Amino acid sequence: MDEKRESQIVESIKKIDPKIIADVLRDILRSDEEEPVRPINPNPNQPK
């Protein structure tokens, strides 16, 4: 990732309300505790 793109991402993240970020992180952490994390397999019939 080049520096220009990285700085654009950082600037866009800075514009997000910190309360929203905190709520999302809290929800993610809470959901991890309640249920086991299952790997996402879009094609379960594919041979390994």
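Let me sum up the structure you'll find in this document.

Cut-offs used in this document
Residues numbered from 1 in each chain as written. Predicted model: local features only at pLDDT ≥ 70, side-chain atom pairs only at ≥ 80, totals over all residues. Heavy atoms only, no water. Helix = DSSP H or I, 4+ residues; strand = E, 2+ residues; numbered from the N terminus. Buried < 20%, exposed > 50% of the residue type's maximum accessible area, 1.4 Å probe, protein only. Areas by Shrake-Rupley, 256 points an atom, 1.4 Å probe, with all protein chains shown as cover. Salt bridge = Lys/Arg side-chain N within 4 Å of Asp/Glu carboxyl O. Patch = residues over 30% accessible without salt bridge, like charges linked within 9 Å, V, L, I, M, F, W, Y side chains within 5 Å.

## Overview of the overall build of the protein chain
Here comes step 1: For the protein chain, the count of helices and strands is two helices and zero strands.
Here comes step 2: Scored against the burial criterion, the 48 residues of the protein chain give a buried share of 0%.
Here comes step 3: Per element, the accessible surface of the protein chain, about 5,100 Å² overall, is 56% carbon and sulfur.

## Here we look at the pattern of salt bridges
Here comes step 1: Taken as a whole and assessed by the stated rule, the structure comprises three salt bridges.
Here comes step 2: E11 is paired through a salt bridge with K14; the nearest N and O atoms lie 3.5 Å apart. Taken together, the positions of E11 and K14, both in helix α1 (residues 3-14) and three residues apart, correspond to about one turn of that helix.
Here comes step 3: Its relative accessible area of 40% is what places E11 among the partly exposed residues.
Here comes step 4: For the salt bridge of R30 with D27, the shortest nitrogen-to-oxygen distance reads 3.3 Å. Here R30 and its partner D27 are both found in helix α2 (residues 18-34), three residues apart, which amounts to about one turn of the helix.
Here comes step 5: Judged by relative accessible area, D27 falls into the partly exposed class, the value being 45%.

## Quick look at a nonpolar patch on the surface
Here comes step 1: Side chains of M1, I9, I13, I16, I20, I21, V24, L25 and I28 sit close together on the surface and give an oily, nonpolar patch of about 800 Å² of accessible area.
Here comes step 2: Where the nonpolar patch is concerned, the elements lending two or more residues are α1 and α2.
Here comes step 3: Looking at the nonpolar patch element by element, the count peaks at five residues for α2.
Here comes step 4: Structurally, the position occupied by I9 is in helix α1.

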